[in-house]
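# Chain and residue survey
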Amino acid sequence: MNKKLLIFVTILFTFQFMVFAQTENVKPLTIGEIRTIKSEILNEDRTLNIYLPQNFDKTKSYPIIYLLDGSMNEDFIHVTGLVQFFNLMYAMPETIVVGIANIDRKRDFTFHTDLKDLQKDYPTTGHSGKFINFLEKELKPYIESQFKTSDKYLFGQSLGGLLATEILLKKPEMFNNYFIISPSLWWDDESLLKQANQLLSKGSDTKKFVYLSVGKGEHKVMVKHAEDLYAILKKSNKKNWRVEYKLMDSDNHATILHRSLYEGLVKFYPYQEPK
């Protein structure tokens, strides 16, 4: 073997050894679990992306955030990052996030409508009642059988905000805290908004935090409906409900969620100087 070839083989061997050594130091970066729950109500399997706090202890109780639009390619990653930041820098306790991955959000997040144009644009629409039953009777009991839980949050935007509003008005006891961002209250000719006063008169008055937000850059109908819902909630005489509203001056429907959730969490967990 000539000298040049010997040098080349030596370098190649050294490089391969270094790559192998580096590979030996690679480990998965894990922030939680992916679970699958079989739903008899929906007649399908549903994927759950679950964020667990860094110091997770199965003997401790944790608040639970149920995140609509919780697929990995939707809102799960950036919302869990926000929660971790509030655990670190604000007074928010360590919290578990349950991201509910979507299969058909137009089906799951909307109630029945007779409006022909909506039926045409949303051909699978009208099954929010089933999805709410899934949340109440299957998902929540499953999570509570797997983890010790305390406060329960619901995060929803757009059609997810419509669903969160429907739950707040019809079954408010399902969650302690509601973060409703840019709710699509235009659905079915504003029928949910029109029923709001009647539904609220029947609902419980247990302690609750409701944060409602919309972007100034959104369609003027979205802004008006959010303001109308806020006014109705404030006038509902729910003495144990804390209702907050935020008009996001620099946001539109596409950009609002992360910054708006930040603002809502600041209202709930204000910054405290370290002692």
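Our structure's up above, just so we're on the same page.
## Things to note about the sheet that holds strand 4 (residues 96-100)
With mixed pairing, 8 strands are arranged side by side in an open sheet as 1-2-4-3-5-6-7-8. In this open sheet, the two edge strands, each paired with only one partner strand, are strand 1 (32-39) and strand 8 (241-248). When strand polarity is set aside, the average angle formed by the axes of neighbouring strands in this sheet is 20 degrees. Pairing between strand 3 (residues 61-67) and strand 4: 4 bridges, direction parallel.

## A word on the environment of Asp57
With respect to the element layout, Asp57 can be found in the loop between strand 2 (44-51) and strand 3. Separated by 2.7 Å, the side chains of Asp57 and Thr59 make a polar contact.

## Topic: the layout of surface pockets
If a probe as big as a water molecule is rolled over the atoms, it shows which places are left empty. The space that makes up the largest pocket amounts to roughly 180 Å³. Lining of the largest pocket is provided by Thr30, Ile31, Tyr51, Leu52, Pro53, Gln54, Thr80, Gly81 and Gln84. Broken down by element, the residue count for the lining of the largest pocket peaks at 3 residues, all from helix 2 (residues 76-89). Of the residues contributing to the lining of the largest pocket, the split by class is 4 nonpolar, 5 polar and no charged.

## Observations concerning the packing of helix 7 (residues 187-202) against helix 8 (residues 220-234)
Geometry of a packed helix pair, given as the angle between the helix axes and the separation of the axes. Where helix 7 meets helix 8, the axes come as close as 10 Å, and the angle between the chain directions of the two elements is 5 degrees. The angle between helix 7 and helix 8 places the two elements in the roughly parallel class. Contacts between helix 7 and helix 8 involve Glu190, Leu193, Ala196, Asn197 and Leu200 on the former and, on the latter, His225, Asp228, Leu229, Ile232 and Leu233. A class-by-class count of the residues in the contact of helix 7 with helix 8 yields 6 nonpolar, 2 polar and 2 charged.

Rules and cut-offs
Residues numbered from 1 in each chain as written. Predicted model: local features only at pLDDT ≥ 70, side-chain atom pairs only at ≥ 80, totals over all residues. Heavy atoms only, no water. Pairing = 2+ DSSP bridges. Helix = DSSP H or I, 4+ residues; strand = E, 2+ residues; numbered from the N terminus. Axes fitted to C-alpha atoms, helices over the stretch in contact; angles between N-to-C directions. Polar contact = N/O pair within 3.5 Å; in protein donor to acceptor, adjacent residues only side chain to side chain. 1 Å grid on protein atoms, 1.4 Å probe; cavity = no way out; pocket = protein on both sides within 12 Å on 5 of 7 lines; lining within 4 Å. Points joined across faces, edges and corners; volume = space filled by probe spheres on them. Nonpolar A, V, L, I, M, F, W, Y, C, P; charged D, E, K, R; others polar. Parallel < 35°, antiparallel > 145°, perpendicular 65-115°, else oblique. Contact = heavy atoms within 4.5 Å.

By themselves these figures say nothing about function.
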